[in-house]
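Single-letter residue listing:
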Amino acid sequence: MREEFAILLFFFGISLTANLGFAIAWFRSARRVRRLEDHLLSAGQPDDRRTDRLEQAVDAVAGQVDQLASGQEFLNRIVAERLNRLPHLLDEPERATTPH
């Protein structure tokens, strides 16, 4: 009976230590989140500027991608036209077969 009580105390000690650690971690993280939220609410202006810069950068990248797509379409059109104009140059003349 004494051995079972010792095992029970051992598991109770581990449980108590783990729960105490989780409680401290929760308290500290809640306090940190509160400070972060207060900081973000008080400094709303820089986030707006950052968002505006991000939108401008995305618009610039979209414009560059559009230019690349236009250039690719142009090159495809030029290559297709040249291949259609020169089909006789691509055909090889028939060769005479000679027995060896």
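Residues numbered from 1 in each chain as written. Predicted model: local features only at pLDDT ≥ 70, side-chain atom pairs only at ≥ 80, totals over all residues. Heavy atoms only, no water.

K.L.:
Teacher, can you tell me more about the overall build of the protein here?
P.N.:
Along the protein, the regular secondary structure elements total three helices and zero strands. When the helices and strands of the protein are placed in sequence order, the string is α-α-α. Carbon and sulfur atoms make up 62% of the accessible area of the protein, which amounts to about 10,100 Å² in all. (Helix = DSSP H or I, 4+ residues; strand = E, 2+ residues; numbered from the N terminus. Areas by Shrake-Rupley, 256 points an atom, 1.4 Å probe, with all protein chains shown as cover.)

K.L.:
How should a nonpolar patch on the surface be read in this particular structure?
P.N.:
Together, Ile7, Phe10, Phe11 and Ile14 make up an exposed nonpolar region whose accessible area comes to about 420 Å². The topology assignment puts Phe10 in helix H1 (residues 2–42). Relative accessible area serves as the criterion here: at 54%, Phe10 is assigned to the exposed category. (Patch = residues over 30% accessible without salt bridge, like charges linked within 9 Å, V, L, I, M, F, W, Y side chains within 5 Å. Salt bridge = Lys/Arg side-chain N within 4 Å of Asp/Glu carboxyl O. Buried < 20%, exposed > 50% of the residue type's maximum accessible area, 1.4 Å probe, protein only.)

K.L.:
Sorry if this is basic, but what is going on with a positive patch on the surface here?
P.N.:
Residues Arg28, Arg31, Arg32, Arg34 and Arg35 make up a contiguous surface patch of positive charge. Within the secondary structure layout, Arg31 lies in helix H1. In this structure Arg31 comes out as partly exposed when scored by relative accessible area, which is 36%. (Lys, Arg positive; Asp, Glu negative; His and termini not counted. Charge placed at Lys NZ, Arg CZ, Asp CG, Glu CD.)

K.L.:
Explain the confidence of the model for the protein to me, please; I cannot follow it from the model alone.
P.N.:
Predicted coordinates in regions of low pLDDT should not be interpreted in detail. Mean pLDDT over the protein: 84, with 83% of residues reaching 70 or higher. Per-residue pLDDT, averaged within each element of the protein, yields its smallest value for helix H3 (residues 87–90) (60) and its largest for H1 (89). (pLDDT = per-residue confidence, 0-100.)

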